[in-house]
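Residue-level structure breakdown
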Amino acid sequence: MKYRLDSGRLEERFAEWKPAYTKAEAIAEANRCLYCSDAPCITACPTHIDIPTFIKKIASENVAGSARTILSANVLGYSCARVCPVEVLCVGKCVYNQWGRAPIQIGKLQRFAVETAWNEGARGLFPKPLPATGKKVALVGAGPASVAAAAQLALAGHKAVVYEKGALPGGLNTLGIAPYKMQASDALDEIEWVADLELVEFRCGVEVVERVSGDGQVAASSLLEEYDAVFLAIGIGGDAMLGASAGAGPAERVVGATEWIERIKGDAAYRLPSNVERAVVIGGGNTALDAAHELRVLGVPEVYLVYRRSETEMSGYAHELSAARKDGVKLVENRAPLSYAVENGELRGLNVAHASAGRPVEGTAELFPADFIVVAIGQDRARHTQLARLFPGVELDAKGRVVVDPATHRTGNRKVWSGGDCVNGGKEVVNAVEHAKIAVRDICNTLNGAHHG
Amino acid sequence: MADLSIDFCGVKSPNPFWLASAPPTNSGPQVMRAFEAGWGGAVWKTLGNPIVNVSSRYAAVDYGNTRMMGLNNIELITDRPLEDNLREMTEVKKRFPKHVLIASLMVETKEEWKEIIRRSEDTGADLLELNFGCPHGMCERGMGSAVGEEPKVLQEITSWAVEYAQVPVIIKLTPNTSDITEPGLAARAGGAHAVSLINTIKSIIGIDLDRMVPYPPVGDGSSNGGYCGPAVKPIALHLMGQLSRHPEFGLPISGIGGVSTWRDAAEFIALGATTVQVCTAVMHYGYRIVEDMIEGLSEFLDRKGMATVGELVGRATSSYKDWGDLDLNYKVIAEIDQEACIGCQLCYVACMDGAHQCIHLPGRSAEEALAAGHIHLPKPEHVPTRPTENRKGVPGSRIPYVDPVECVGCNLCSLVCPVPGCITMAAEDGGKPFESWNDRVARGDAIVPGGLACTINPSK
Ligand SMILES: Cc1cc2nc3c(=O)[nH]c(=O)nc-3n(C[C@H](O)[C@H](O)[C@H](O)COP(=O)(O)OP(=O)(O)OC[C@H]3O[C@@H](n4cnc5c(N)ncnc54)[C@H](O)[C@@H]3O)c2cc1C
Ligand SMILES: Cc1cc2nc3c(=O)[nH]c(=O)nc-3n(C[C@H](O)[C@H](O)[C@H](O)COP(=O)(O)O)c2cc1C
Ligand code: SF4
Ligand code: SF4
Ligand code: SF4
C-alpha cells in the first residue's frame, strides 16, 4: 500500500535547509572523520548508532553496509538523519568541536547512506525476519515510536498491528516536521519500508476509544483481549490554547501551531488567509520557532515571536533561533499574551503586557498589532494522555506522562508497554525510536518466555 | 639571503631546482615559461626515435581526501619529431643562457648514441642525461630500465657516451633493481660524471572493478607503469642514500622522487644530492610552486646559518647508518599533552592493537583495564590526575595516558594522533653509555635469551 499526498501542499515551496550530499561530497566529508575509538558521537546518539563505522563504510563506498549499520541501531535512521537536532546530539559531541574545527556532518552523511542505499535498490538493509511466532501486538498511534516498534516486532517474528486515528501514519514525524528539514512525502516513503514487512499492518483512520460508538473506532479493552501485548504511543495531543479570558479570534487567523503546521504539510487545499502582513507566534519552544520560521519562508513580511520570558530562558534550541533570525524572524522577549484584539469580527492583534519572570506587570498592557496569530504554548498533554488510563493499571505522573520502568518501558499493566512523547513529555523522534527499542526487547523477552514477569 | 646557485659537474645553475624529464619539459614554450617562473634547469623530455603513445596514460593513488599521493604513467619518451625538439632546445638556450639545459637521451645502437649526442650538443645543452630508467614500454624493447637493471650493459653504453660527449654525462638510474649500488658503481666505472635517481617504480596503481581492467585503462586492457609522486619519496631517499654514503661512489647526484616542496628538496640535498628534479608536483600544481621552493630553501639556509646550498649537501649522510650501529641504550617515551588532546583515543586503540598496550584510559579499575586487554597495569605514581575537562572542554576521562615503564618508544601513537605536537616522544636519560649491536657482536655477547636452544648453546 502506498501513502500518497496530493501535490500543491504549501510545504512543497520550502527549499531544503541541509541539501543532500552528492557522492563526492559525502566521501570527502566521510574521509574527514577520525574514526575515534569509543567515539563520543556514539554516546551522544540516543539510539547509539555506530557512527564511525557507518562513516568509514561511506568512505570505502560500501553504502549498503553503511545503511545496514545505521538501520540496525535505528530503523528510522533516515528520518533521524534529517530531523535530529544534531547540533545538540552527535555532531555537538564530535571531537572536532573542541579542536576548533567544523564537526563532521553526521546527519548529512547518515541521510546519504540510507537514501543512496534505497535508491540503488540495496537488498537486506533490514535483517531477515525471524519465523512468525504467532504472537500479536497492538500498537496505539502510528507516530515514530510505534513505527519503529512495529518494524522491530515484525523482524522478531511477531505480528504488529498499528492503530492510527488519523488518515496517515507517522505522527508528528509526517505532519509536524518543519518542511525545510523534511517533507511529509519523504517521511511516508520511509514508512513504506516498514509497511512492506510481512508482519506489519497499519490500520489508519481507526481511533482507540473507551466505548465504540461508530465506524473507525476500536475499544481499548478489546485490544487487551485480542492481543498478546499492547504498545501505547499516543503522543501528547493537540495544541494548548490561551485561556477563556483571552477571548476568541477569527478561526482562520488564530490557529494552534501543530494544527497549522499539519495543514501546510498535509492539506493541498490549504492557503494562508489573504493579506497576512504581520504575524505573531506566541511561545518560546521549538514548535514556536518552527512556526515562525515557516511563516517567514512562506513570505509573510513581518513575523514576531512573542515570548513571556527572556531569550536565555527559551526552551527552543539556540541553533534554531539563530537560523530563524537569519531568515528574518524577530524575537520579542518578556511579553505576556493577554487577549486577542478583535474589532468588528476582524483581528487587530494581540493584547500583551510587559512581563517580569514570565508574569504580566500590572499597567503595562498594550496592543501588539497582528493579522495572524499562531499559538505555540505547548500541547494538550495532560488531557490527551488520559486515554492511557483506559488500560487498567497504567499510571500517569503529575505532568500527565505515562509511567514506565525505564529499563523495560513496561507500564503498570503487565500487558502494556509505552514510549515516545507520551512517556517523556515531548522530545525528539530519535528518543521515540530508542524507547521503541527498549520496549520491543522486553516485549520479545516476555512473549518468547525468556523471563516471566 | 643564502646563495642558492650551485655547481654541478662544472655547470653553474642559478638554483638547485630542475624540472625532470617529463611532460613539463615537453616543449620549448613550456620550458621557457618554467625558466621565467624561476626553475634553474630543465631536463628535456627524453629524445630518441619517435614513438606513439596510448590514451589514457596516467592513474593515481588518492589517500583520504588527498589527491595524487602517487602517480603512475604508461607514457613513453617524446612523441614529437626530433627536429622540432632540437630546434626548440636551441631557442631556449639562446634566450636563457644562464639556465641549465639538459638533454635526456634514449636510443639503442652505438651509432644512434653517437648521432643523438652530437645533435643534442649542437643545441647548446649543458649536460646530457642518459635515460636508463624508464620501466615500461621502452624496456620491452631493450632500452630504459632494461639497461639500468643490467650493470654490464649500463657500463658499456655509458662509456660510449662519455667517449662521444663534449659535455658532462649524467646517468639516470632505475629503482627497479635489488641493489642500487651495482648500477651506481657501473655508471662510475663507465666514466659517468654524475647520476640522477630515481626514475619511476614499476607499478600497477589499481584495478577498475567494474571493467576488470587495471588503471589506467586503455580500452579493455592496461599495462604496468612507472610510479612517482609524494608516495615514492621515501624509496627515492633510501636509494639515493645508498649511493651517497657509499665510500667508493663519490659522484655528484641529482635527487629525484616525490620532491614537492623546499623541505623535500632540503632533505634530498642533506642526504647527498646537489640538485633535485621535480615532475609530479609540477604536473599537479604547475611551475609556480618553484617560488616557494626558492624562498623556503633560502630562508631555511639563513636560519641554519648556511651561506650556500653547498654547505647543506650531505649534512645528514653520515647519520644514515646500518641498524647494527644504532645505540641500543637510547630510549624515548611517549608523552601526551593533556591540554592539546581532543579525546579521539586513536592513540589508545593504536597502542592496544598495534603496539604494546601501554596507553591507558583514566578512571578504569584494574579489572576493567585487564578486561579491555591490558596485560600490565601502571604503577600508581604513573597514573595522572586528569581534570574534569581540559581547556578545550574535552572530558578528562577521555584523555589517555602513557605507562612510561611499558612504553617501548615505537612512535606509533605520536604518528596516529591527529593533533600536531600533542604526543611527543621524550628522550629519557637512562644513564647507560652508547652500545650498538655490532659492539655486542665484537664483544661476543650478541645473544638475546629466549631463542632457539641450538643458537644459544651451539655445543648441544
Ligand atoms: C511542530 C513540531 C516539530 C517537531 N520537529 C522535530 C524535529 O525537527 N526533530 C525531531 O526529532 N522531533 C521533532 N518534533 C518532535 C517529534 O515529532 C516527536 O518527538 C515524535 O513524533 C514523537 O513520536 P510519538 O510516536 O511518541 O508521537 P506522535 O508523533 O505524536 O504520534 C502519536 C500518534 O498517535 C495518534 N493517536 C493519538 N491518540 C490516538 C488514539 N486514541 N487512537 C489512535 N491513534 C491515536 C496520533 O494521531 C499520532 O499520529 C517536533 C514536534 C512538533 C510538534
Ligand atoms: C612495523 C612493521 C613491522 C613488520 N614486520 C614484519 C616482519 O617481521 N615480517 C614480515 O614478513 N613482514 C613484516 N612487515 C611487513 C608487513 O607484513 C607487510 O608486508 C607490509 O607492511 C606491507 O603491507 P601494508 O603496508 O599494506 O600494511 C612489517 C611491517 C611493519 C609496518
Ligand atoms: S567524534 Fe567526530 S571524528 Fe570522531 S568518530 Fe565521531 S564523527 Fe568521527
Ligand atoms: S590520539 Fe592525540 S588527540 Fe587523540 S586521544 Fe590520543 S593524545 Fe588525545
Ligand atoms: S610509543 Fe609505542 S609503545 Fe609507547 S605508548 Fe606510543 S604506541 Fe605505545
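Cut-offs applied
Residues numbered from 1 in each chain as written. Chains lettered and ligands numbered in written order. Predicted model: local features only at pLDDT ≥ 70, side-chain atom pairs only at ≥ 80, totals over all residues. Heavy atoms only, no water. Helix = DSSP H or I, 4+ residues; strand = E, 2+ residues; numbered from the N terminus. Buried < 20%, exposed > 50% of the residue type's maximum accessible area, 1.4 Å probe, protein only. Contact = heavy atoms within 4.5 Å. Areas by Shrake-Rupley, 256 points an atom, 1.4 Å probe, with all protein chains shown as cover. Domains from an automatic or database assignment. Pairing = 2+ DSSP bridges. Axes fitted to C-alpha atoms, helices over the stretch in contact; angles between N-to-C directions. Phe/Tyr/Trp six-rings, centres within 6.5 Å; stacked < 30°, edge-to-face > 60°. Patch = residues over 30% accessible without salt bridge, like charges linked within 9 Å, V, L, I, M, F, W, Y side chains within 5 Å. Salt bridge = Lys/Arg side-chain N within 4 Å of Asp/Glu carboxyl O. Core = buried A, V, L, I, M, F, W, Y, C linked by side-chain atoms within 4.5 Å. 1 Å grid on protein atoms, 1.4 Å probe; cavity = no way out; pocket = protein on both sides within 12 Å on 5 of 7 lines; lining within 4 Å. Points joined across faces, edges and corners; volume = space filled by probe spheres on them. Nonpolar A, V, L, I, M, F, W, Y, C, P; charged D, E, K, R; others polar.

All right, on to the overall build of chain B then. Secondary structure assignment for chain B yields 15 helices and 20 strands. By principal-axis analysis of the C-alpha atoms, chain B measures approximately 80 × 60 × 55 Å. When each of the 460 residues of chain B is scored for burial, the buried share is 51%. A fraction of 70% describes how many contacts in chain B between residues 6 or more apart in sequence connect residues 24 or more apart. Total accessible area on chain B stands at roughly 21300 Å², and carbon and sulfur atoms take up 53% of it.

Further remarks concern the domain arrangement of chain A. By the assigned domains, chain A splits into domain 1 (136-166 + 205-237 + 381-447) and domain 2 (239-378). One C-alpha centre belongs to domain 1 of chain A, the other to domain 2 of chain A, and the line joining them spans 32 Å.

Residue and element names in this part refer to chain A. Across the sheet, which stays open at both edges, the five strands sit in the order 3-2-1-6-16 with parallel pairing between neighbours. One side of each edge strand has no neighbouring strand; the edge strands of this open sheet are strand 3 (200-204) and strand 16 (416-418). Sheet twist, expressed as the mean angle between neighbouring strand axes with direction ignored, is 20°. As paired elements, strand 1 (residues 136-140) and strand 6 (residues 229-232) share four bridges and run parallel to each other. Paired with Val137 across the bridge in strand 6 is Ala229. Running over the sheet, helix 8 (residues 144-155) touches strand 1, strand 2 (159-164), strand 3 and strand 6 and is turned about 170° from strand 1.

A few words now on the packing of aromatic side chains. One pass over the structure, following the stated rule, counts 13 aromatic pairs over all chains. Taken together, a centroid distance of 5.1 Å and an interplanar angle of 15° make the contact between Trp118 of chain A and Trp193 of chain A stacked. On the criterion of sequence distance, the pair formed by Trp118 of chain A in helix 7 (residues 106-119) and Trp193 of chain A in helix 10 (residues 184-195) is long-range, its members being 75 residues apart. Under the relative-accessibility criterion, Trp118 of chain A is labelled buried at 14%. In this structure Trp193 of chain A comes out as partly exposed when scored by relative accessible area, which is 29%. When the ring of Trp262 of chain B is compared with that of Phe300 of chain B, the centres are 5.6 Å apart and the planes differ by 35°; the resulting orientation is tilted. Here the residue Trp262 of chain B occupies a position in helix 8 (residues 262-270), and Phe300 of chain B occupies one in helix 10 (residues 290-303), the gap between them amounting to 38 residues.

All names here are of chain B. A cluster of nonpolar side chains, namely Ile204, Ile207, Leu209 and Met212, defines an oily patch on the protein surface of about 440 Å² accessible area. Structurally, Ile207 is set in strand 12 (residues 207-208). Looking at Ile207, the relative accessible area reads 41%, which means it is partly exposed.

Core analysis: the biggest nonpolar cluster contains 114 residues, and Leu34, Ile51, Phe54, Ile55, Ile106 and Leu109 of chain A have the highest contact counts within it. No other element matches the 10 residues that helix 17 (residues 429-447) of chain A contributes to this core. Contact partners of Phe54 of chain A, with chain neighbours within four places excluded, come to Ile49, Ser66, Thr69, Ile70, Ile106, Leu109 and Gln110 of chain A. With 92 residues, the next largest nonpolar core counts Phe35, Tyr164, Leu197 and Ala265 of chain B among its residues.

Here the focus is the sheet that holds strand 8 (residues 127-131) of chain B. All names here are of chain B. An order of 3-4-7-8-9-10-15-16 is seen for the eight strands of this closed barrel, with the pairing classed as parallel. Averaged over all pairs of adjacent strands, the angle between their axes in this sheet comes to 25°, without regard to strand direction. Pairing of strand 15 (residues 253-256) with strand 16 (residues 275-278) involves three bridges; the strand directions are parallel. Residue pairing for strand 16: Ser254 is matched across the bridge by Thr275.

This part is about the layout of surface pockets. In this approach, a probe sized like a water molecule rolls over the atoms, and the result shows the empty space that is left. Of the voids in this model, the second largest pocket is the one considered here, and its volume is about 640 Å³. What lines the second largest pocket is a set of 21 residues, and nearest its centre among them are Ile27, Ala59 and Glu61 of chain A together with Asp62 and Arg67 of chain B. When residues of the lining of the second largest pocket are traced back to their parent elements, those giving at least two are helix 1 (23-32) of chain A together with strand 5 (58-63) and strand 6 (66-73) of chain B. Counting residues per element, the lining of the second largest pocket draws most heavily on helix 1 of chain A, at five residues. A class-by-class count of the residues in the lining of the second largest pocket yields 11 nonpolar, five polar and five charged.

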